[in-house]
Amino acid sequence: MKLNRKQIIKIQKNRDPYLLIDYATKVVPGKSVEGYKILKKNEWFFKVHWEGDPNMPGMLQVEAMVQMSSLIIFTLPNMSGKILYLSLIHISEPTRQEA
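First things first, this report covers the structure right here in the doc.

Basis of the calculations
- Residues numbered from 1 in each chain as written.
- Predicted model: local features only at pLDDT ≥ 70, side-chain atom pairs only at ≥ 80, totals over all residues.
- Heavy atoms only, no water.
- Helix = DSSP H or I, 4+ residues; strand = E, 2+ residues; numbered from the N terminus.
- Core = buried A, V, L, I, M, F, W, Y, C linked by side-chain atoms within 4.5 Å.
- Buried < 20%, exposed > 50% of the residue type's maximum accessible area, 1.4 Å probe, protein only.
- Contact = heavy atoms within 4.5 Å.
- Pairing = 2+ DSSP bridges.
- Phe/Tyr/Trp six-rings, centres within 6.5 Å; stacked < 30°, edge-to-face > 60°.
- Expected span 1.5 Å × (residues − 1).
- Patch = residues over 30% accessible without salt bridge, like charges linked within 9 Å, V, L, I, M, F, W, Y side chains within 5 Å.
- Areas by Shrake-Rupley, 256 points an atom, 1.4 Å probe, with all protein chains shown as cover.
- Salt bridge = Lys/Arg side-chain N within 4 Å of Asp/Glu carboxyl O.

A separate point is unusual backbone geometry. It is generally the case that most residues other than glycine have a negative phi and that most peptide bonds are trans. Geometrically, the link from Asp16 to Pro17 is a cis peptide bond, its omega value of 5° lying close to zero. By secondary structure assignment, the location of Pro17 is in the loop between helix H1 (5–11) and strand S1 (23–28). Phi at Trp50 takes a positive value of approximately 75°, unusual for a residue other than glycine. Counting through the fold element by element, Trp50 comes out in the loop between strand S2 (32–36) and helix H2 (58–74).

Below, the structure written as structure tokens:
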């Protein structure tokens, strides 16, 4: 299943400027999701996050992942439009693989 921005808005409750996903290119309900956000030069957070070196704050990146991941649940039968709360996040350290 694929979802565009209009379809995503129908399934979950985040709205601009806090909707941090634009497309879900592959959704397998209850299992997995892939997608992306198109970052534009005028994003609200670029104006306040590091003048001269704008970037998307790390916690907004985490929020974008949560929003994308929520589609795994919201595409299950009878789940569209429900409220989903993040109750735990496990932060793991990146690992370096030796060549």
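Anyway, onward from the coordinates.
Okay, the nonpolar core next. Among soluble globular proteins, nonpolar side chains are generally buried collectively. Counting 12 residues, the largest nonpolar core consists of Leu3, Ile8, Ile11, Leu19, Ile21, Ala24, Val27, Val33, Met68, Leu71, Ile72 and Phe74. At the level of secondary structure, the elements contributing two or more residues to this core comprise H1, S1 and H2. Non-local contacts of Met68, meaning those with residues more than four positions away in its chain, are made with Ile21, Tyr23, Ala24, Val33, Glu34, Gly35 and Tyr36.

Sheet analysis places S1 next to S2, joined by five bridges and oriented antiparallel. In the sheet register, Val28 faces S2, and the bridge partner there is Ser32. Where S1 folds back onto S2 in an antiparallel hairpin, the turn is made up of three residues, including Gly30, whose phi is positive at roughly 80°.

A word on the packing of aromatic side chains. The final tally for this structure, using the stated rule, is three aromatic pairs. Aromatic pair Trp44 and Phe45: ring centres 5.5 Å apart, planes at 80°, arrangement edge-to-face. You can call Trp44 partly exposed: its relative accessible area is 37%. Ring geometry for Phe45 and Phe46: centres 5.0 Å apart, planes at 75°, overall edge-to-face. Accessibility classification places Phe45 together with Phe46 in one group, the buried group. Pairwise contacts between aromatic rings join Trp44, Phe45 and Phe46 into one cluster.

Now for H2. The terminal C-alpha atoms of H2, which comprises 17 residues, lie 24 Å apart, in line with the 24 Å expected from a rise of 1.5 Å per residue. Within H2 the residues assigned to the buried category are Leu60, Glu63, Ala64, Gln67, Met68, Ser70, Leu71, Ile72 and Phe74. Residues of H2 that are buried sit in contact with H1, S1 and S2.

Here the focus is a nonpolar patch on the surface. Judged by side-chain polarity, Tyr18, Trp44 and Val48 come together as a nonpolar surface patch covering roughly 310 Å² of accessible area. By the element assignment, Val48 lies in the loop between S2 and H2.

This part covers the environment of Leu76. Mapping Leu76 onto the fold places it in the segment after H2. On the accessibility criterion, Leu76 (32% relative accessible area) is partly exposed. Along the backbone, Leu76 and Val62 are 14 residues apart, and their C-alpha atoms lie at a distance of 22 Å. In contact with Leu76, not counting residues within four places along its chain, are Pro29 and Gly30.

What is shown is where atoms sit, not what they do.
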